[in-house]
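Structural features, examined
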Amino acid sequence: MIPKRFATRAAALAMAGAAALTSVAALAADPIKIGLVVPMSGPFSYMGRQINAGVSLYMAEHGDTVDGRKVEIVLKDDAGVPANTRRIAEELVVNDKVTVLAGFGLSPQAFATAPVATQAKTPMVVMQAATSSVTEKSPFIVRTSMTLPQVTVGLAEWASKNNVKKVVSMVSDYAPGVDAETAFNTRFTADGGQILAALRMPPNATDFSPYLQRAADAKPDAVFVFVPAGDSAAIFMKQFAERGMDKANIKLLGTGDVVDDDALGQMSDSAIGTISSHHYSAAHPSEMNKKFVAAIEKANKGMRPSFMAVGGYDGMHVIMEGLKATHGAGGEALVDAMKGQQFESPRGPVLIDPKTRDIVQNVYIRKVEKVDGKLYNVEFETKKDVKDPGKTP
Ligand code: PHB
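Residues numbered from 1 in each chain as written. Predicted model: local features only at pLDDT ≥ 70, side-chain atom pairs only at ≥ 80, totals over all residues. Heavy atoms only, no water.

**Focus on the site of the ligand**
Stated precisely, the cut-off is as follows: Here, proximity means that at least one heavy atom of the residue falls within 4 Å of the molecule or strand. Polar contacts, as used here, are pairs of N or O atoms within 3.5 Å; protein pairs need one atom able to donate a hydrogen and one able to accept it. Residues neighboring in sequence count only if both atoms are side-chain atoms. The accessible surface values rely on the Shrake-Rupley method and a 1.4 Å probe; as for residues, cover is taken only from the protein chains in view. In this analysis, the protein atoms alone were mapped onto a 1 Å grid. Cavities are point sets where a 1.4 Å probe fits without being able to get out; pockets are open sets with protein on both sides within 12 Å along at least five of seven lines; lining residues have an atom within 4 Å of a point. Think of it this way: if more than half of a molecule's atoms are within 2 Å of a pocket's grid points, that molecule is in the pocket or cavity. Only Asp, Glu, Lys and Arg are considered charged in this grouping, and only Ala, Val, Leu, Ile, Met, Phe, Trp, Tyr, Cys and Pro are considered nonpolar; every other residue, Gly among them, is considered polar.
If you check the shell around the ligand, you find 14 residues, and the closest are Ser107, Ala130, Tyr174, Ala229 and Asp257. A distance of 2.8 Å separates an oxygen atom of the ligand from a polar backbone atom of Ala130. Between the ligand and Asp257, the relevant distance is 2.5 Å, taken from an oxygen atom to a side-chain nitrogen or oxygen of the residue. Compared with its free state, where it exposes 280 Å², the ligand has 100% of that area covered by protein. Mapping the ligand onto the cavity grids shows that it belongs to the largest cavity. For the shell around the ligand, the per-class residue count stands at 11 nonpolar, 2 polar and 1 charged.

This is the structure we're talking about:
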């Protein structure tokens, strides 16, 4: 709860933010707190599980102190409800005096919380939510996940070069889905392709059959899909196969969300052959990634890391390196210390764009294949150093 003596929430946040900035020296012995707000319960709990696994691994590997001060993660469950996310973020700033807000599974949660970061002047590290415009909602937002346009445009290019001429796009009807639809359809038609239908589906749909029927009736060469990773993605994959669309020679193309590593391990062989584009695969063949996958599996009862764990891991990298540079100070100084950071991630080389505070990274085109008896997204083409096209003209 926000204490009653503050007339408005905004005043409380501004006061808390200012206090956090001026008290760095005086409180040098106190821990530096990072509020990690993610869904740990409800239908999106897999997001919190993955992000938290990445955050915890980074801390375990790299130590939890900066200039001798302990860095403490304050983990909070918002159950995937945006109003919760915002209220929890306010409480973390005012009551817990966190130096950084982090996490944010779904775009609506990040949108709801952006004003808190601005009013409190508290850096907000978005480790997952992926609508392009998220970073434009506050100058205190830095993102370590991806944007939908960033991971989509390369797939549209691949499709036109690989004899795909007619597509039906199918997206979840909320901000990241609209981003994916716009990015795919704009690029694909610019390259001469045809969009037969652009279908938008309810965000938490559990039955895609009417949409799949409409797609099949249009007789496209391929379907392009974005659904948020998790339960609905697994259902989509199952129903696509059940309708025999693969056998009707309709290719399945998607952003990596529909075949994310967390769910792919449990999918049936009908997923084999799905072409997707994304910034991370558990099968990324680097030494760093092999160690990362093994360490996440070891610490989390065999859980295979998905792109969400990497978003958390790299988010902690950006925060810890930033805090080292500012000697524990937060606010604008910390955002400045995050801008321009460049490092190797389990996904490959990354950069925090100093202009947009968004991540620049490789995007890989992958195909679902069986490797040692298990399904993986095997990367076969790399688009290097891709900026978010949602912001780059
Ligand atoms: C989002 O809400 O921004 C989001 C959620 C799940 C995804 C990707 C994006 O897989």
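Moving on, there is more to tell.
**Observations concerning the sheet that holds strand β5 (residues 124-126)**
Heads up, the condition is: Strand pairing is defined by DSSP finding a minimum of two bridges between the two strands. Under the DSSP-based scheme used, a helix requires at least four consecutive residues in state H or I and a strand at least two consecutive residues in state E, with every element numbered from the N terminus. The criterion used for residue contact is that any of the two residues' heavy atoms lie within 4.5 Å. Simply put, an axis is a line fit to the C-alpha atoms, just over the touching stretch for a helix, and the angle between two N-to-C directions goes from 0 to 180 degrees.
Taking strand neighbours across the sheet as the criterion, the 6 strands line up as β2-β3-β1-β4-β5-β6 in an open arrangement whose pairing is mixed. Every interior strand has two partners, whereas the edge strands, β2 (65-66) and β6 (141-143), have only one. Sheet contacts for helix α4 (residues 107-120): β4 (100-103), β5 and β6; angle to β5, the most-contacted strand, approximately 160°.

**Some words on the domain arrangement of the protein chain**
For clarity, the threshold we go by: Segment limits for the domains were obtained from an automatic or database-derived domain assignment. Defined in terms of a 1.4 Å probe, buried area is the accessible area two parts forfeit on being brought together, summed over both. Definition used for salt bridges: Asp or Glu carboxyl oxygen within 4 Å of a side-chain nitrogen of Lys or Arg.
Examined at the domain level, the protein chain breaks down into domain 1 (4-146 + 289-357) and domain 2 (149-278 + 363-386). Both sides together, the interface formed by domain 1 and domain 2 hides about 1,500 Å², and carbon and sulfur atoms give 55% of it. At the junction of domain 1 with domain 2, the criterion picks out 2 salt bridges. In this structure, the salt-bridge partner of Asp261 is Arg304, at a minimum N-O distance of 3.3 Å. There are 7 residue pairs in polar contact (both at pLDDT 80 or more) connecting domain 1 and domain 2. At the level of elements, α2 (45-62), α4 and α11 (307-326) are the ones that each hand at least two residues to the side of domain 1 that touches domain 2. For the side of domain 1 that touches domain 2, the residue count by class is 11 nonpolar, 6 polar and 3 charged.

**Concerning the layout of surface pockets**
Just so we agree on the cut-off: Grid points are joined across faces, edges and corners, and a volume is the space filled by probe spheres set on the points.
Considering only enclosed or pocket space, the second largest pocket measures out at about 260 Å³ in volume. Those elements that place two or more of their residues in the lining of the second largest pocket are α8 (231-242) and β10 (251-255). Per element, the largest residue contribution to the lining of the second largest pocket is 3 residues, and it comes from α8. Here the residues of the lining of the second largest pocket are counted per class, giving 9 nonpolar, 4 polar and 3 charged.

**Here's the deal with helix α12 (residues 331-338)**
So the rule is basically this: Working definition: with a 1.4 Å probe on protein chains only, accessible area under 20% of the residue-type maximum means buried, over 50% means exposed, and in between means partly exposed. The arc in question is traced by the directions running from the helix axis to the C-beta atoms.
Within α12, burial applies to Gly331, Leu334, Val335, Ala337 and Met338. For α12, the buried positions fall inside an angular range of 160° around the axis, keeping them on one side.

**A word on the side chain of Asp260**
For clarity, the threshold we go by: When charges are counted, Lys and Arg contribute as positive and Asp and Glu as negative, whereas His and the chain ends are disregarded.
On the secondary structure map, Asp260 appears in the loop between β10 and α9 (261-264). Look at Asp260: it is buried, it has no salt bridge, and the nearest opposite charge is Arg49 at 7.9 Å. The residues contacting Asp260, other than those within four sequence positions of it, are Ala229, Gly230, Ser306 and Phe307.

**With respect to the nonpolar core**
The test is simple: For the purposes of this section, nonpolar cores are sets of buried Ala, Val, Leu, Ile, Met, Phe, Trp, Tyr and Cys residues that join through side-chain atoms within 4.5 Å.
Counting residues in hydrophobic clusters, the biggest one holds 93 residues, and the most contacted among them are Leu101, Met127, Phe184, Met316 and Ile319. Residue contributions to this core peak at 10 residues, all from α11. Summarising the domain contributions, this core has at least three residues from each of domain 1 (4-146 + 289-357) and domain 2 (149-278 + 363-386). Counting residues in each nonpolar core, the second largest holds 27 residues, with Val223, Val225, Val227 and Ala263 among its members.

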